[in-house]
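Listed below are the residues making up each chain.
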Amino acid sequence: MQQEFSLAYATTADNNDPLQSFREQFYIPHLNDAHAIYFLGNSLGLQPKTTQDEVLKIMENWANFGVEGFFMGNNPWMQYHKKLLPSLSKIMGANEHELVVMNHLTVNLHLLMISFYQPTAKRYKIICEAKAFPSDQYVMQSQIKMHGLKIEDCLIEVHPREGEETIRHDDIISAIHLHGAETALVLFSGINYYTGQVFNMKAIAAAARIAGAYVGFDLAHAAGNISLQLHDWDIDFACWCNYKYLNSGPGSIAGTFIHEKHLSDTSLQRLEGWWGNDESNRFKMEPRFTPSPSAEAWQMSTAPMMQLATHYASLQIIEAAGFDTMVTKSRALSSYLLFVLNAINENGKYFTIITPKAANEHGCQISISVHQNAKKIFDQLLPAGIFADWREPNVIRVAPVPLYNSFKEIFTFAQTLQTIFTNSHV
Ligand SMILES: Cc1ncc(COP(=O)(O)O)c(C=O)c1O
């Protein structure tokens, strides 16, 4: 069907959408006594209607069995985390034993860098994207300082070229070739949080491998958004949060991947705690650590059950929808969003789309850099019933997601934005 900036086109696309009914499984925020258009799945995914019940089941087990809830009832907590792994392994392209759900994203990135960034006199550099998410920059900088090294000697940031917004893939690979012999770690995001650019993780991993460096990814904006094959791409480690595209709630428990080739590598450094000890003798309280034969060896503390429950509730919906079907719809939504944005932009008069246009170089999120009165334009969206987000100095990010957004919402958003731009230029 030929794309059109029309309500008729959007309605037909919605009617042909196999995931249309999934929207009813989420609480959609209200503004102005109507359902709002929520394009902030890149920030905090919406609450599934099943989440509260799933948490309640944990609360009931706690009420009924106290600490024995770990072993008693129809859903013993000791085994609960295993229920998350089948769907998570499909979303991440990983084997179940390469995954562990624990802590929070920034904490996990620190823990993984302890394992995968052990600089030596010869290899001490980290190659990363310029303007990585601030938390990642602080992690890398503090890890370098912790080793008694200087940030300026160790951190190699790959920048967009002068006058460009996104980083050229060739420049990333060239930087890895150039610094390869001194590089300990290549650390990128899967999708840059600001521009929405998807990095070619497979090619970056292959180049890092040839250079003899470890490679890791922060997948905060990629997990649950685009197809990933972490195991096959031979990535050493990855971490992500589950509160964006994985709808598991504000500050929810995060995810970690460690490639199976590292699971029995005793030369890796690791911070350890009792919940990473092999389940078979965890409660024998032995003085020596017996690592779990999986990524769980990196887990340190008792699993937070209420958080696992919110994550599980959301993963069940994704499992029912089918992640591949979600990705297909997501591509159609973002393609339509790009189309209608171009339709209202009067040859680039109002804004520049800074997200790459190629389908394999973006996910749900499209970022626009507004030429004039950017904040004033943005501030009119919420009163008009549209949740989008703002990034200094002039960027508006929107992310229609496949489980609860529609083509009609994209049409309405574009129409509203068109009116705002037109009125602001009279
Ligand atoms: C790319 C990226 N990295 C790291 C973080 C920090 O996550 P957390 O606060 O869960 O540690 C975020 C949060 O949005 C993010 O988008």
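Placed above this text is the structure.
Cut-offs applied
Residues numbered from 1 in each chain as written. Predicted model: local features only at pLDDT ≥ 70, side-chain atom pairs only at ≥ 80, totals over all residues. Heavy atoms only, no water. Salt bridge = Lys/Arg side-chain N within 4 Å of Asp/Glu carboxyl O. Helix = DSSP H or I, 4+ residues; strand = E, 2+ residues; numbered from the N terminus. Buried < 20%, exposed > 50% of the residue type's maximum accessible area, 1.4 Å probe, protein only. Pairing = 2+ DSSP bridges. Axes fitted to C-alpha atoms, helices over the stretch in contact; angles between N-to-C directions. Patch = residues over 30% accessible without salt bridge, like charges linked within 9 Å, V, L, I, M, F, W, Y side chains within 5 Å. Areas by Shrake-Rupley, 256 points an atom, 1.4 Å probe, with all protein chains shown as cover. Contact = heavy atoms within 4.5 Å. Phe/Tyr/Trp six-rings, centres within 6.5 Å; stacked < 30°, edge-to-face > 60°. Lys NZ or Arg CZ within 6 Å of the ring centre and 35° of its normal. Polar contact = N/O pair within 3.5 Å; in protein donor to acceptor, adjacent residues only side chain to side chain.

Per the stated rule, a full pass over the model turns up 16 salt bridges. Here E279 makes a salt bridge to K82, at a shortest N to O gap of 3.2 Å. Of this pair, E279 sits in the loop between strand 10 (254–258) and helix 10 (305–321) while K82 is found in the loop between helix 3 (77–80) and helix 4 (85–92), placing the two residues 197 residues apart along the sequence. E279 sits in the partly exposed class, given a relative accessible area of 23%. Since its relative accessible area comes to 37%, K82 is described here as partly exposed. A salt bridge links K125 to E182; the nearest nitrogen and oxygen atoms lie 2.7 Å apart. Linking K125 in strand 5 (residues 125–129) with E182 in the loop between helix 8 (169–179) and strand 7 (183–189), this pair joins segments that are 57 residues apart in sequence. Assessed through its relative accessible area of 27%, E182 is described here as partly exposed. By sharing partners, the salt bridges in this structure join R209, D234, D236 and K261 into a single network.

A word on the sheet that holds strand 15 (residues 395–398). Reading across from one edge, 11-12-15-14 is the order of the four strands in this open sheet, with antiparallel pairing throughout. Strands at the two margins of the open sheet, each flanked by one partner only, are strand 11 (351–353) and strand 14 (389–391). Between one strand axis and the next, the sheet turns by 30 degrees as a mean value, whatever way the strands run. With three bridges joining them, strand 11 and strand 12 (residues 366–370) adopt antiparallel strand pairing. The residue of strand 12 that forms the bridge with I353 is I368.

On to a nonpolar patch on the surface. Taken together, the side chains of F71, M72, W274, F283 and M285 define a hydrophobic patch exposed on the protein surface, amounting to about 530 Å² of accessible area. On the secondary structure map, M285 appears in the loop between strand 10 and helix 10. Overall, M285 belongs to the exposed group, its relative accessible area being 54%.

What follows concerns the environment of I226. Considering the arrangement of structural elements, one finds I226 in the loop between strand 8 (214–218) and strand 9 (237–240). Residues I226 and M326, spaced 100 residues apart in sequence, show a C-alpha to C-alpha distance of 9.0 Å. Dropping the residues within four chain positions of it, I226 is found in contact with I191, V198, M201, F323, V327, H362 and G363.

This part takes up the sheet that holds strand 5. Across the sheet, which stays open at both edges, the seven strands sit in the order 4-10-9-8-7-5-6 with mixed pairing between neighbours. Bordering the open sheet on either side are strand 4 (99–102) and strand 6 (155–158), each of which pairs with just one other strand. Adjacent strand axes in the sheet meet at a mean angle of 20 degrees when their direction is disregarded. Of the pairings in the sheet, the one linking strand 4 to strand 10 comprises four bridges and is antiparallel in character.

We now examine the packing of aromatic side chains. Going through the model one piece at a time under the given rule, you end up with 23 aromatic pairs. Clustering of aromatic rings is evident, with ring pairs tying together F70, F71, W77, W274, W275 and F283. Looking at R270, its charged tip hangs above the ring of W298, at a distance of 4.6 Å from the centre.

So, about the side chain of Q299. Assignment of secondary structure puts Q299 in the loop between strand 10 and helix 10. In this structure Q299 comes out as buried when scored by relative accessible area, which is 6%. At 3.1 Å, the side chain of Q299 forms a polar contact with the backbone oxygen of W275. Among all residues touching Q299, those that are not within four sequence positions of it are V100, V101, M102, G273, W275 and G276.

Moving on, we come to the pairing of strand 12. Within strand 12, five of the five residues are buried, which leaves it mostly tucked inside the rest of the structure. Of the two faces of strand 12, the one lined by I366, I368 and V370 and the one lined by S367 and S369 are each fully buried. The pairing of strand 12 with strand 15 spans four bridges and is classified as antiparallel. Across the sheet, I366 pairs through a bridge with V398, a residue of strand 15.

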